[in-house]
Amino acid sequence: MADTTIKISGEIRDRLRTLAEERGLSARAYVERMVAAIPTETERAERTAKAIAYVREQFGAEVDDAVLREGQAWRQAIAERRVGSRR
């Protein structure tokens, strides 16, 4: 495994160390875990294509661009906490 140096501010370095320590990990292991968990745009597109194919196959529903845009807007609204509420 090759080592790489990434320059970050001292404040972020300290935060990274704290976050890693809280999880019982080294900073290196924490960064590796975080980065491995985030899909690339290509991976997201592949997942979307598989999900669309599954919906078409299992439910016979047509998923067009308008439906996808609506779903993306809904997901974004949830992420921004503009919809839904905690009870």
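Structural data are supplied above this passage.
Residues numbered from 1 in each chain as written. Predicted model: local features only at pLDDT ≥ 70, side-chain atom pairs only at ≥ 80, totals over all residues. Heavy atoms only, no water.

1. A word on helix H4 (residues 65-79)
The end-to-end C-alpha distance of H4 is 21 Å, a good match for the 21 Å that 15 residues give at a rise of 1.5 Å each. Backbone geometry just downstream of H4 places Arg81 in the positive-phi region, at approximately 60 degrees. (Helix = DSSP H or I, 4+ residues; strand = E, 2+ residues; numbered from the N terminus. Expected span 1.5 Å × (residues − 1).)

2. Let's talk about unusual backbone geometry
With a phi close to 60 degrees, Arg81 is a non-glycine residue in the positive phi region. Along the chain, Arg81 turns up in the segment after H4.

3. Re a nonpolar patch on the surface
The grouping of Ile6, Ile8 and Ile12 at the surface amounts to a nonpolar patch, some 300 Å² of accessible area in total. Position of Ile12 among the secondary structure elements: in helix H1 (residues 10-22). Of the residues examined, Ile12 reaches a relative accessible area of 44% and is grouped as partly exposed. (Patch = residues over 30% accessible without salt bridge, like charges linked within 9 Å, V, L, I, M, F, W, Y side chains within 5 Å. Areas by Shrake-Rupley, 256 points an atom, 1.4 Å probe, with all protein chains shown as cover. Salt bridge = Lys/Arg side-chain N within 4 Å of Asp/Glu carboxyl O. Buried < 20%, exposed > 50% of the residue type's maximum accessible area, 1.4 Å probe, protein only.)

4. A few points about the packing of aromatic side chains
Under the counting rule described, the total for this entry stands at one aromatic pair. With 6.2 Å between their ring centres and 75 degrees between their planes, Tyr54 and Phe59 make a pair best called edge-to-face. According to the relative accessible area criterion, Tyr54 is partly exposed, its value standing at 47%. (Phe/Tyr/Trp six-rings, centres within 6.5 Å; stacked < 30°, edge-to-face > 60°.)

5. What to know about the packing of H1 against helix H2 (residues 27-37)
Running from amino to carboxyl end, H1 crosses H2 at an angle of 85 degrees, the nearest separation of the two axes being 8 Å. When the axis of H1 is compared with that of H2, the two are roughly perpendicular. On the side of H1, the interface is formed by Leu16, Leu19 and Ala20, while H2 contributes Ala27, Tyr30 and Val31. Considering only residue class, the contact of H1 with H2 consists of six nonpolar, no polar and no charged. (Axes fitted to C-alpha atoms, helices over the stretch in contact; angles between N-to-C directions. Parallel < 35°, antiparallel > 145°, perpendicular 65-115°, else oblique. Contact = heavy atoms within 4.5 Å. Nonpolar A, V, L, I, M, F, W, Y, C, P; charged D, E, K, R; others polar.)

6. A word on the pattern of salt bridges
As enumerated under the stated definition, the model contains six salt bridges in all. Put simply, Arg28 and Glu32 hold a salt bridge, and the shortest N to O gap is 3.3 Å. Placement of the pair is Arg28 and Glu32 together in helix H2, with a separation of four residues, close to one helical turn. A relative accessible area of 42% places Arg28 in the partly exposed class. Glu32 sits in the partly exposed class, given a relative accessible area of 40%. Taking the shortest distance from any N to any O, the salt bridge between Glu80 and Arg82 comes out at 2.6 Å. The exposure class of Arg82 is exposed, given its relative accessible area of 54%. Each of the salt bridges in this network shares a partner with another, and the network as a whole consists of Asp3, Arg28 and Glu32.

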